[in-house]
Amino acid sequence: MKHLNWILILTILFVVSCSTEERDIPTLEVGQEFTDKTVRLIEIDTFEVRTSTFKFDSIVTSQGERLLIGRYLDNYFGTVKSESYMELTTEDYHVPEDAELDSIALIMGYDGYYYNDTLQLSHIQVHKLLEDLEPAEDNFYNTSSLTFDTIPLVTKRFYPEPLGGDSLHISIPKSFGVPIFELIKEKSISDDNDFTEQFKGIVLRPSSDGNSNVIGFTNDSERTYLRFFYSIPEEFNDEDEDDGNELVLDFAITPIYGLSWFNRITSDVTGLPLEVLGDQEDGLSSSKGGGLTFVQSGTGYVTRIEFPTIKNIGDLPGTGTILSAVLEMTPLVDSYDDILSLSDSLQVHVVDQNNELSPFLPNGNGIVYGRFGETDLEFGEPIYQIPVTGYIEQELVEAPEIDNGLILMPNDFQNSIDRVVLYGAGFTDFSPKLIITYAIYDE
Amino acid sequence: MVVGQTNTITASPYSLYGIGVNTKSSIGRNSALGGGGYAFQTIDQINNHNPASFATIPDNNFLYDFGLTAELSSISSRGNEEKRLAGNISNLAIAATTGARSGFGLTLEPYSDVGYALIGVESNIEGSYDTFISNIFGSGGLNDLKLNYGYILKNRLRVGVGLSYIFGTIKETQRIQSQYNSLEVEDKNKYSGFRMDVGLQGTISDYLKFGFTARLPTSLKVTHDRRISKKVSLTPKPQVVENTTGEHLPNFDLPLELGLGIVYTPSSSWAMNLDYSRNFWNTTDQNDNIGTFIDQEIFGVGIEYAMDNQSINYWKRIKFRIGGSYDSGYLEVYDHIIDGYSVSGGIGIPLSRSSKSSINISYGRSEHGASQGILVEETLNTFNINISLVDIWFLKRKIN
């Protein structure tokens, strides 16, 4: 039938232009009155937030790139102190037999980190280590210590320049280095083992009454090293100029065998609310901490947060799902400024009922960060906003006996001395708020 | 299995309600003649409006009908205007005699259309000063697969019965955006059901014929699938919150529809048709969203002219058509009843000198709704192209 051709041609023509996808449909901005929306969103901020502080028994402080040295008095954290222990080695233990030691200097490269007042006169004491730099346990912690010679080799008085200056230059008495230099010349010391037998390392400490600041130095061997300046006296010395080849032998931190340095970071909180914390399991609830919670890197104080009534969300009428859950916490007004700077972000982790870190990630996708910067709507104070959606959803499906919590800690928790003081659940005005946006799709 | 039309042709926001808007396209010549045709007989063109019309298919004739529709719509609301063009197959139909006194037809037509997108609906988050945005999309429609049988009862009286299988899926998707989080609720309603209609056609005199149909009320079964997923804080993959299938919803009732029409043919050149139908939505007692379903009346009139319908001359058999209709509307929204009217015109061109097959082209313009206040006014320009093929069986085989 010839008509069949007509059918085929026209079918093909129009079927091709047939599909109207959703976006081809006219789109109109019509108002609410035209739709029967079946989904509505509500915001709830009345769930209880319970806050407390605890202290990690110990934290690893031998990873990273920063040597922390200093001491200052803190209103909330007491006497805060950090010392650096390090073992120094070199690559080539070779010195010509006729070399003469001229001087020794310890060069400490600033890495830009500082905490508290750098305008204060600071002191660094250099001590000789009397013990091998070997950990008693599997690692070095902020609570680790080794014996050292209590009489310092030298005490350096200085005004820190962590941002402007390149490095701190500490002159070491030549008398300390001469015996070692001779042994190297004689080739009695020809490798690391020989060397560390004679010279176990040094400890850099603030003075015992120091109240100034904590400074960070890099452990990069290019910028922080113990330098032996030596020269080879020339047979002929025509000019009177001190022209002799100034040769150097540098010893630095070289973590070939793993652990070769650590920071010992401690604080004395006698007389302060934090005093009550003994073990990691102990908690200082914000109601007993003056309505505040505390966070401090280095020493290991973290804020713990729980949402004990969150399961009541099931009481809401209808069926719904959580679209977002954000925890807002306000740092104590006037507790931070340029010198006691506040972290821009805080890491969020989950701990169990004994305050041990849980493997569960609050987000399932990676580390969650609370960001600082937005201001809260009510008081206009800057706040931390911490997304906790994944954690809350997990809490809702968990058995009620499980007693997890969230903790907040600054980045660089193991390599700095940053503090955050937050308003806790005790305060009426700035107390933490959990803001949940809930979508109800079935009434 | 026949799938029917799966594409939306109507861009009408009124298709938001119920099962959508009734489609305006139809088989054969009817779209040009006010959409009516209860009294037309299926002789050289299939008339799907009345099952009794299939009784008069000439012996050994086999008819095909295949139609395409394009719709250019212009929708305005509060000064905003949108234009869209959409195309679709409008129908497939076949019909044949089953004897000297009877005939049957099988037709597939869209029954209703849903196509809308509401973008940027802003709503308040309760308990906060923030708002969230909803985008709502609807698509789909119902199809009518009908088997018609007509029988010549007496010389001037023909009866018919039709059995329809009405089926289709209507999908509504709601997407909610609030800061970096989003929620998507996708609802699919699957409708299915059978419907019977009966028809009557009679010849009053050589010039006057009448037709009457009753589409009996029926209940369509509705099953509901729902899929809810969300994306929280820029996570790449959506998380499924709920996924239920096969939930039974209350049936959707289609009302009793009565139709009455007459056609007046004073000569072989002129034919005029008048049609009236009433759909009894009130008794179904249904409402949807913010509209209530109310009784609907449709009036249609059409005039067809050809120089000489019986002529062998090809040019004299070209038909010119004009028509108009008024639909009182089946929706009452906020005390406004959404009515509409349309005018149409078209031509029927014979395909060849010898056969009765033809191409029908029609253009119709309809207006709907009200623009003052909150409602939306739509103007639809519909083009129909439709091929009516008449094949003479058996005779052809003899020749071969």
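Residues numbered from 1 in each chain as written. Chains lettered and ligands numbered in written order. Predicted model: local features only at pLDDT ≥ 70, side-chain atom pairs only at ≥ 80, totals over all residues.

Q: Sorry, what's going on with the overall build of chain A here?
A: A tally of helices and strands in chain A yields four helices and 24 strands. Among the 443 residues that make up chain A, the fraction classed as buried is 40%. Sequence-distant contacts in chain A: of pairs separated by 6 or more residues, those separated by 24 or more amount to 82%. (Helix = DSSP H or I, 4+ residues; strand = E, 2+ residues; numbered from the N terminus. Buried ≥ 20, exposed ≤ 12 C-beta atoms within 10 Å, placed from the backbone. Contact = placed C-beta atoms within 7 Å.)

Q: Is there a simple way to explain the overall build of chain B in this structure?
A: Regarding its fold elements, chain B presents one helix and 21 strands. Sorting the 400 residues of chain B into buried and exposed places 46% on the buried side. Contacts spanning at least 24 positions in sequence make up 64% of the contacts within chain B whose residues lie at least 6 apart.

Q: Got a minute to help me understand the environment of T150(A) in this structure?
A: All names here are of chain A. Its place among the elements puts T150 in the loop between β7 (122-128) and β8 (154-158). By C-beta crowding, T150 is classed as exposed, having 9 other C-beta atoms within 10 Å. Sequence separation of T150 and T321 is 171 residues, and the distance between their C-alpha atoms is 63 Å.

Q: Which parts of the structure should I look at to understand the domain arrangement of chain A?
A: Size of an interface: often given as the accessible area lost when the parts come together. Residue and element names in this part refer to chain A. Here the domain parsing of chain A yields domain 1 (42-57 + 279-442) and domain 2 (66-236 + 243-266). The distance between the C-alpha centroids of domain 1 and domain 2 comes to 40 Å. Elements represented by at least two residues in the side of domain 1 that touches domain 2 include exactly β16 (292-296) and β23 (419-423). Split by residue class, the side of domain 1 that touches domain 2 holds five nonpolar, six polar and two charged. (Domains from an automatic or database assignment. Nonpolar A, V, L, I, M, F, W, Y, C, P; charged D, E, K, R; others polar.)

Q: Is there a simple way to think about helix α4 (residues 389-397) of chain A in this case?
A: Quick reminder: α-helices carry 3.6 residues per turn. Residues three or four places apart thus point the same way. What α4(A) keeps buried is the set T389(A), G390(A), Y391(A), I392(A) and E395(A). On its buried side, α4(A) packs onto β18 (319-329), β19 (345-351), β21 (382-387) and β22 (405-410) of chain A.

Q: Which parts of the structure should I look at to understand the nonpolar core?
A: As a rule of thumb, nonpolar side chains are buried together in soluble globular proteins. In this structure, I69(A), V302(A), L327(A), V388(A) and A439(A) are the most contacted members of the largest nonpolar core, which totals 94 residues. Two domains share this core, each providing at least three of its residues, namely domain 1 (42-57 + 279-442) and domain 2 (66-236 + 243-266) of chain A. Those residues in contact with V302(A) that lie beyond four places of it in its chain are F54(A), F56(A), V295(A), I407(A), L408(A) and M409(A). Formed by 15 residues, the second largest nonpolar core is a distinct cluster that contains F54(B), A55(B), L92(B) and A93(B). (Core = buried A, V, L, I, M, F, W, Y, C linked by C-beta atoms within 7 Å.)

Q: What should I look at first to understand helix α2 (residues 174-185) of chain A in this one?
A: Residue and element names in this part refer to chain A. Over its 12 residues, α2 runs 16 Å from end to end, which matches the ideal 16 Å to within 8%, given 1.5 Å per residue. When α2 is considered as a whole, its buried residues turn out to be G177, F181 and I184. The buried side chains of α2 occupy one side of the element, clustering within an arc of 55° when seen end-on. Away from its buried face, by an angle of more than 90 degrees, α2 presents the exposed residues S175 and P179. Its buried side turned inward, α2 meets β6 (100-116), β9 (167-172) and β12 (225-231). Directly beyond the C-terminal end of α2, a positive phi value near 70° is found at K187. (Expected span 1.5 Å × (residues − 1). Arc of directions from axis to C-beta.)

Q: Hey, could you run me through the environment of I318(B) in this one?
A: Residues and elements named next belong to chain B. You can see I318 is positioned in the loop between β15 (296-306) and β16 (319-327). Among the residues examined, I318 registers 15 C-beta atoms within 10 Å and is labelled partly exposed. For the pair I318 and S352, spaced 34 residues apart in the sequence, the C-alpha separation amounts to 11 Å. In this structure I318 touches A306, I347, G348, I349 and P350, once residues within four positions along its chain are discounted.

Q: Please clarify how the confidence of the model for chain A should be interpreted in this entry.
A: This prediction gives chain A a mean pLDDT of 84; 87% of its residues lie at or above 70. Segment residues 13-32 of chain A: pLDDT under 50, and 50 contacts once partners within four positions in sequence are set aside and those in other chains are kept. (pLDDT = per-residue confidence, 0-100.)

Q: Got a minute to help me understand unusual backbone geometry in this structure?
A: For residues other than glycine, phi is negative in most cases, and the peptide bonds are mostly trans. Of note in this structure, K187(A) is not a glycine but carries a positive phi near 70°. On the neighbour-count criterion, K187(A) (12 C-beta atoms within 10 Å) is exposed. Not every positive phi belongs to a glycine, and Q179(B) is a case in point at roughly 55°. You can see Q179(B) is positioned in the loop between β6 (157-178) and β7 (181-203).

Q: Even after reading the chapter, I still don't get the pairing of β21(A), so can you show me in this structure?
A: If a strand is regular, its side chains alternate between the two faces of the sheet. Residues and elements named next belong to chain A. One ladder, built from four bridges, connects β18 with β21; its direction is antiparallel. Within the sheet, the bridge partner assigned to L327 lies in β21 and is I386. Where strand β20 (residues 368-375) and β21 come together, three bridges link them in antiparallel fashion. Looking across to β21, one finds that R371 is bridged to Q385. Connecting the antiparallel pair β20 and β21 is a turn made up of six residues, with G380 showing a positive phi of about 75°. (Pairing = 2+ DSSP bridges.)

Q: I'm lost on the environment of R158(B) in this one. Help?
A: All names here are of chain B. One can find R158 in strand β6. With 28 C-beta atoms counted inside 10 Å, the residue R158 sits in the buried group. Separated by 161 residues in the primary sequence, R158 and K319 place their C-alpha atoms 26 Å from one another. Contacts of R158, omitting those with residues within four sequence positions, involve A52, A55, T56, G150, Y151, I152, L153 and Q201.

Q: I would appreciate a short explanation of the confidence of the model for chain B in the present structure.
A: Parts of the model with low pLDDT should not have their predicted coordinates read in detail. Per-residue confidence for chain B gives a mean pLDDT of 80; residues scoring 70 or more make up 84%. Here the predicted complex scores 0.76 on pTM and 0.71 on ipTM.

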